[in-house]
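Next come the chains, spelled out residue by residue.
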Amino acid sequence: MWRAAKNIMPTKHNLLKKGINLDFICSFCNRDVEIVKHLFLDCAFAMTTLLSSVLCYRTPSDLHFNDWLLSILSCGDVMSSQIIYNTVYKIWLGRNQKLYQAKDSSPIKVAEEASKSVMDFNKWNFVKKGEQRLRLASDTSNLDVHFIHVDASFSDEGFLTMGCIIRDHNQVLSLAACRRENVQVEVLVGEAMAMRWGLSLAKDLNLEKIMIKSDAKVVVDCVNGFSKLVALDSVIVDI
């Protein structure tokens, strides 16, 4: 991680600055310049991978990369920090496989490998009193229920990116997806669109019993009929 913090990782952009003749476009998305922040925070592959982790982590778009690293290091949750840092490392390995071996990586697989590595490490290493181990809850009373977590974020240009994670009652990952819409909408409209998309994915998977989670309370209240916003009507009507 110190190489990433010092921006001395051999990303395409850094290699180009050293005079190595190669394209500078990200190998994952084939859209933006491959710099450290894009590769680990802004790229759709990285966003989907971190969102697919057991933490359902949403990458911030408004932080400098080093500030983000520091915020993870100082969050006070040792296990979560380990998982996020190891996921970043696995993303880098996936990037190298794609670039040098032409092997594609799955965000879900990368996230699962990162979590497993951390769990295996802590299984065989002493954890000090007060430090937390990650526990995945299992509710046997909801055997047929799937839990859907949706979120929306916006680029500096205002364009919408939606994320969706679907897990079964054992918290086993069923689906992780990230979608970018080249539209500029208000924040609440974007959150409503993310919820609509998550429900559409559940329908495609033929899921009958679902619980959907969103951090946009206003949107949830509108869907449940507790409140009403005209700006959301065109989206809510499809939910």
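This text follows the structure it describes.
Read on for a plain summary of the structure. If you're wondering where the values come from, they're calculated on a predicted model, not measured in any experiment. (Residues numbered from 1 in each chain as written. Predicted model: local features only at pLDDT ≥ 70, side-chain atom pairs only at ≥ 80, totals over all residues. Heavy atoms only, no water.)

Let's talk about unusual backbone geometry
Note the threshold: Put simply, DSSP H or I for four residues or longer makes a helix, DSSP E for two residues or longer makes a strand, and each gets a number counted from the N terminus.
Of note, the phi angle at A102 is positive, near 55°, even though the residue is not glycine. With respect to the helices, strands and loops of the structure, A102 is situated in the loop between helix 6 (78–101) and helix 7 (107–123). Backbone geometry places N206, a non-glycine residue, at a positive phi of 60°. Here N206 is to be found in the loop between helix 8 (187–204) and strand 4 (209–213).

Thoughts on the packing of helix 4 (residues 44–52) against helix 6
To be explicit about the condition: Note on geometry: axes are lines fitted to C-alpha atoms, helical ones only across the stretch in contact, with angles between N-to-C directions running from 0 to 180 degrees. Angle categories: roughly parallel below 35 degrees, roughly antiparallel above 145, roughly perpendicular from 65 to 115, and oblique for all the rest. For a crossing to be left-handed, the near helix must be turned anticlockwise from the far one by less than a right angle; the clockwise case is right-handed. In what follows, a contact means two residues having at least one pair of non-hydrogen atoms within 4.5 Å. Charged means Asp, Glu, Lys or Arg here, nonpolar means Ala, Val, Leu, Ile, Met, Phe, Trp, Tyr, Cys or Pro, and polar covers whatever is left, Gly included.
It is at 11 Å that the axes of helix 4 and helix 6 come closest, and there the two elements cross at 140°. As summarised for this structure, helix 4 and helix 6 are arranged oblique, according to the angle between their axes. As helix 4 packs across helix 6, the resulting crossing turns out to be right-handed. Side by side, helix 4 and helix 6 meet where A46, T49 and L50 of the first sit next to I84, T87 and I91 of the second. For the contact of helix 4 with helix 6, the per-class residue count stands at 4 nonpolar, 2 polar and no charged.

Examining the nonpolar core
Inclusion rule: Working definition of a nonpolar core: buried Ala, Val, Leu, Ile, Met, Phe, Trp, Tyr and Cys residues. They are joined through side-chain atoms within 4.5 Å. The rule is simple: take the accessible area with a 1.4 Å probe, protein chains only, and divide by the maximum for that residue type; under 20% is buried, over 50% is exposed, in between is partly exposed.
The biggest cluster of nonpolar side chains holds 24 residues, and the ones touching the most others in it are C164, L201 and L232. At the level of elements, strand 1 (145–154), strand 2 (159–167), strand 3 (173–184), helix 8, helix 9 (217–223) and helix 10 (233–236) are the ones that each hand at least two residues to this core. In terms of residues, this core owes the most to one element, helix 8, which gives 8 residues. With near-sequence residues (within four places) excluded, L201 lies in contact with C164, I166, L175 and A177. Counting residues in hydrophobic clusters, the runner-up holds 23 residues, among them L41, F45, W68 and I84.

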